[in-house]
Each structure stands twice: as structure tokens, then as C-alpha cells.
Amino acid sequence: MKILKLIILILGAFILFQCNEEKKKETEKSAIKKKKKLEKKVVKRWDSLHKNNVEAFFTEYGKKNKETKVIIKTKFGNIKLRLYKDTPIHRANFIFLTKIKYFNTTEIYRVARNFVIQGGNSDETYTIKQRRLYGNYRLKPEFKANRRHKYGALAAARDWEDNPNKLSNPFEFYMVHNRNGAHHLNKEHTVFGEVISGFNTMDKISRVKVGVDEWPEEDIRMTIEILD
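What comes next is a walk through the structure. (Residues numbered from 1 in each chain as written. Predicted model: local features only at pLDDT ≥ 70, side-chain atom pairs only at ≥ 80, totals over all residues. Heavy atoms only, no water.)

1. Re the packing of aromatic side chains
The final tally for this structure, using the stated rule, is 17 aromatic pairs. Look at Phe94 and Phe192: their rings are 5.6 Å apart centre to centre, the planes differ by 50 degrees, and that puts the pair in the tilted class. One end of the pair, Phe94, is in helix 3 (residues 88–99); the other, Phe192, is in strand 7 (residues 191–197), with 98 residues separating them in the sequence. For the pair formed by Phe94 and Phe192, the shared burial category is buried. Across the ring face of Tyr84, the terminal group of Arg147 is positioned such that the distance to the ring centre comes to 3.6 Å. (Phe/Tyr/Trp six-rings, centres within 6.5 Å; stacked < 30°, edge-to-face > 60°. Helix = DSSP H or I, 4+ residues; strand = E, 2+ residues; numbered from the N terminus. Buried < 20%, exposed > 50% of the residue type's maximum accessible area, 1.4 Å probe, protein only. Lys NZ or Arg CZ within 6 Å of the ring centre and 35° of its normal.)

Below is the structure:
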């Protein structure tokens, strides 16, 4: 009888030990899961761009994303652009926005005949959200003596009021559609690329009907893709 009680006592102790071990393992698993969730929360976005780190962000982004050719696709045809390496911040910015597909919800919203064709804005919710997400940042000018407003020049739009440093709007751009150029804009807007094909498409766009604000009466949607 004493032996039986001893056996029962040993079994009870063993079962209790096993239960405690299982609880300990479950507690450890729970702690690991909570730690992983916490780690996920503090991980920064890969594209953690904001208005206070613009130059540093695009300097690093440009090193890893060296593409210089893009294509604008519209219902009137395509326009191919070459971006200049000697305007590195503006080039990297344009590549960044193209890769996150920002431009694909925007329009060519201004057609000033025999002057410029301008795009990069719209009333789409996604367009507005993207601007807010990155804090409506601005780019410092990158004026170059050899980058002028010739026919087909690609340049950054900007506000003219309350903007003494001539900071570029990173989201909006224009292409010069005047065969004599638009040289009065030199050193006023940063020229960061040029049209290399699609001048006939620009001609077609220039003939659309526009309102008094030079906004086309019919929307001219566009998408932009990386070529190389």
C-alpha cells in the first residue's frame, strides 16, 4: 500500500511538472509573438520621405535608382523623356514618383498653345493623398547654365508667390512647346530633362480645346513608365 501511494505521489509530481513546463512554453511563445508585433510597428517605411529630409532622401535614392528615360502615355500618343544626371535631385524625384505610380492618376491639366504643356495634378483622391503623405515637400532649384528652356525642355513647375528661393513643386512639370524655346524662364524654373521623341504627340495635344484657365475641356489622362 505504501509503495502504491509513493507511485501515485511521484506520478502527480511528474504531471504537475509537465503542466508547468507547458505553461512556461506557452508564455514564452506569447512573449515572442508580442515582440514580433512590436518590431513590425517600429519598422520605418522604406520610402520615409518628408519635407525635412528631401535632399538626403533623394541623394540616396538616386544612387540606387539610376534610370534616366521614361515614357508618358496618352490617348494622343507617347512622349519619351530623358532626365539629366546633372540635376540629380529632380531626376531622382521624378523616378521616385514614377515608380510609386503617382503620375498614373494625374492629367495634363494645362495646354498653353505655342508655350508649354503641363501635367502632374488632378482632383483624384489618390493624387491628393500622395501629396499629403509626403508632406507636400519642395525641391531646391538646380539651375545649370547648359540646361535651358529650349524646344522640348522638361522643367519643374513652381509657385511664384511667396517663394523667394524658387523651390520646385516636385509633383508638377511642363514641357516647352515653342520651337523658339521659352528662355525667359531660364533660372526661374529648373530644367531637368528633355523630350527625345513624341513631338508629334505634343502637337496633337496643343490643338485641344481649352478653357480660359488653359485647362483642357476634355481630360487628358496619362501614365508614366520607366524605360531605362
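2. Thoughts on the environment of Ala112
Note that Ala112 resides in strand 3 (residues 107–112). Exposure remark for Ala112: the relative accessible area of 4% places this residue in the buried category. Sequence spacing of Ala112 and Ser206 is 94 residues, and the spatial spacing of their C-alpha atoms is 7.3 Å.

3. Regarding the nonpolar core
Within the largest apolar cluster, 38 residues are counted, with the highest numbers of intra-cluster contacts made by Phe58, Leu81, Phe94, Phe96, Tyr137, Phe173 and Met175. Ranked by residues supplied to this core, first place goes to helix 3 with six residues. Leave out the neighbours within four places in its chain, and Phe94 touches Val70, Leu81, Leu83, Phe103, Phe173, Phe192 and Ile224. The next biggest cluster of nonpolar side chains, apart from the first, holds 10 residues, and it includes Tyr174, Val176, Ala182 and Val191. (Core = buried A, V, L, I, M, F, W, Y, C linked by side-chain atoms within 4.5 Å. Contact = heavy atoms within 4.5 Å.)

4. A word on the pattern of salt bridges
Evaluation of the coordinates by the stated rule reveals 16 salt bridges. Members of the salt-bridge network, linked through shared partners, are Arg82, Lys150 and Glu194. (Salt bridge = Lys/Arg side-chain N within 4 Å of Asp/Glu carboxyl O.)

5. Here's the deal with the packing of helix 2 (residues 54–64) against helix 3
At a minimum axis separation of 9 Å, helix 2 and helix 3 run at an interaxial angle of 75 degrees. Taken as axis vectors, helix 2 and helix 3 run roughly perpendicular relative to one another. On helix 3, the residues touching Glu55, Phe57, Phe58, Thr59, Tyr61 and Gly62 of helix 2 are Ile89, Arg91, Ala92, Asn93, Ile95, Phe96 and Lys99. The residue inventory of the contact of helix 2 with helix 3, partitioned by class, reads seven nonpolar, three polar and three charged. (Axes fitted to C-alpha atoms, helices over the stretch in contact; angles between N-to-C directions. Parallel < 35°, antiparallel > 145°, perpendicular 65-115°, else oblique. Nonpolar A, V, L, I, M, F, W, Y, C, P; charged D, E, K, R; others polar.)

6. Points about helix 3
Taking 1.5 Å of rise per residue, 12 residues should cover 16 Å, and helix 3 covers 16 Å from first to last C-alpha, within 8% of that figure. Of all the 12 residues making up helix 3, 10 are buried; the element is thus mostly covered by neighbouring parts of the structure. For helix 3, the full list of buried residues reads Ile89, His90, Arg91, Ala92, Asn93, Phe94, Ile95, Phe96, Leu97 and Thr98. Downstream of helix 3 by one or two residues, Lys101 has phi in the positive range, about 65 degrees. (Expected span 1.5 Å × (residues − 1).)

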